[in-house]
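Examining the three-dimensional arrangement
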Amino acid sequence: MRNLILILEDNQERRDGFIAVLTELAPGSEIIFWNNARVMIRELPVHLGNARLISLDHDLNEVPA
């Protein structure tokens, strides 16, 4: 079983922050990022069984799918 952290985030600085913190708090975890909610929703079912944490951005910028 994979240990996945799934994150919807479109800001690179915040992504970098997530990586820095999660590397220490959850070593060995795999982090998957999306910057588009529609794409995340489409791809999420494949990953849900292995998800340990899901984080959703609150201020996404509009990005074409």
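Look a little higher up for the structure.
Conventions used here
Residues numbered from 1 in each chain as written. Predicted model: local features only at pLDDT ≥ 70, side-chain atom pairs only at ≥ 80, totals over all residues. Heavy atoms only, no water. Buried < 20%, exposed > 50% of the residue type's maximum accessible area, 1.4 Å probe, protein only. Helix = DSSP H or I, 4+ residues; strand = E, 2+ residues; numbered from the N terminus. Pairing = 2+ DSSP bridges. Right-handed = clockwise from strand over helix to strand, strands pointing away. Arc of directions from axis to C-beta. Contact = heavy atoms within 4.5 Å.

What follows concerns the pairing of strand S1 (residues 4-8). Among the five residues that make up S1, five are buried, leaving the element largely enclosed by the rest of the structure. Residues Leu4, Leu6 and Leu8 of S1 are buried on one face, and the alternating residues Ile5 and Ile7, pointing to the opposite face, are buried as well. In the sheet, S1 pairs with strand S2 (residues 30-34) via five bridges, with the strands oriented parallel. Counted as the bridge partner of isoleucine 5 is isoleucine 31 from S2. Note that the unit made of S1, helix H1 (residues 12-25) and S2 has a crossover that is right-handed. Judged from the five bridges that link them, S1 and strand S3 (residues 51-56) form a sheet pairing that is parallel. Paired with leucine 8 across the two strands is leucine 56, which belongs to S3.

What helix H2 (residues 37-47) keeps buried is the set Val39, Met40, Leu44 and His47. With its buried residues spanning 130° around the axis, H2 presents them on a single face. Opposite the packed face of H2, turned more than 90 degrees from it, sit the exposed residues Arg38, Ile41, Arg42 and Pro45. On the buried face of H2, the contacting elements are S1, S2 and S3.

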